[in-house]
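Structure assessment
Below are the chains, spelled out letter by letter.
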Amino acid sequence: MPVRSTRRELAKTYSKFEKVIAPAAGHPRRLSETPEEYLTMGRRRLGPLYPQAVRINQSFEIAMFGPAEPTSPEIALLDKEVMEFQVACKKTLAAAGAKDRQALEHAVSGREGP
């Protein structure tokens, strides 16, 4: 797969991850925020899911900013991890209050905003 195609797929997969953590961060990621800074904004609200989110985020940082181009299998694995994280968020946060539940529903559906 050409580099441009793999980069595009990586960007789409990262966008899915951003949408899942956006409710916890409290806002869409700003251009001035690194992926790590953005994830840290949601640390408290992610609670026990935070370590899993950190591992996924670190994998994205390596794929996006590392010396080697990401491969299609690596991107597919990241996509799978994001989907599993999305499910974990749904299961864990669904037991939370109505406000968190509403934010979660928007995140797992991929819709923007409430």
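Above this text is the structure in question.
Overview of the structure.

Conventions used here
Residues numbered from 1 in each chain as written. Predicted model: local features only at pLDDT ≥ 70, side-chain atom pairs only at ≥ 80, totals over all residues. Heavy atoms only, no water. Helix = DSSP H or I, 4+ residues; strand = E, 2+ residues; numbered from the N terminus. Buried < 20%, exposed > 50% of the residue type's maximum accessible area, 1.4 Å probe, protein only. Contact = heavy atoms within 4.5 Å. Areas by Shrake-Rupley, 256 points an atom, 1.4 Å probe, with all protein chains shown as cover. Salt bridge = Lys/Arg side-chain N within 4 Å of Asp/Glu carboxyl O. Polar contact = N/O pair within 3.5 Å; in protein donor to acceptor, adjacent residues only side chain to side chain. Phe/Tyr/Trp six-rings, centres within 6.5 Å; stacked < 30°, edge-to-face > 60°. Core = buried A, V, L, I, M, F, W, Y, C linked by side-chain atoms within 4.5 Å.

1. Overview of the overall build of the protein
In terms of regular secondary structure, the protein is built from six helices and zero strands. Overall, the protein shows an N-to-C arrangement of helices and strands of α-α-α-α-α-α. Burial status across the protein gives 33% buried among its 114 residues. Here the analysis covers contacts within the protein between residues at least 6 apart in sequence; of these, 55% occur between residues at least 24 apart. Carbon together with sulfur atoms contributes 58% to the accessible area of the protein, which is approximately 7000 Å² in total.

2. With respect to the pattern of salt bridges
In total, this model carries six salt bridges according to the counting rule given. Here R7 makes a salt bridge to E69, at a shortest N to O gap of 2.8 Å. In this pair, R7 sits in helix α1 (residues 3-25) while E69 sits in the loop between α4 (50-65) and α5 (72-93), placing the two residues 62 residues apart along the sequence. A residue is classified by how much of its surface remains accessible, and E69, at 38% relative accessible area, is partly exposed. In this structure, K12 and E9 form a salt bridge, with 3.6 Å as the shortest nitrogen-oxygen distance. With K12 and E9 both in helix α1 and three residues apart, the pair spans about one turn of that helix.

3. A word on the side chain of H27
The residue H27 is located in the loop between α1 and α2 (35-41) in this model. For H27, the side chain forms a polar contact with the side chain of E33, separated by 3.1 Å. Not counting residues up to four positions away in its chain, the partners in contact with H27 are A22, E33, Y38 and M41.

4. Things to note about the packing of aromatic side chains
Summed over the entire model, instances satisfying the criterion amount to four aromatic pairs. Judged by centre distance (5.1 Å) and plane angle (75°), the ring pair of Y14 and F60 falls under edge-to-face. One end of the pair, Y14, is in helix α1; the other, F60, is in helix α4, and 46 residues separate them in sequence. With a centroid separation of 5.8 Å and 55° between ring planes, the pair formed by F17 and F85 is classed as tilted.

5. Topic: the nonpolar core
Counting 23 residues, the largest nonpolar core has F17, I21, L46, F60 and F85 as its most contacted members. Broken down by secondary-structure element, the contributors of at least two residues to this core are α1, α2, α4 and α5. Broken down by element, this core gets its largest block of residues, eight residues, from α1.

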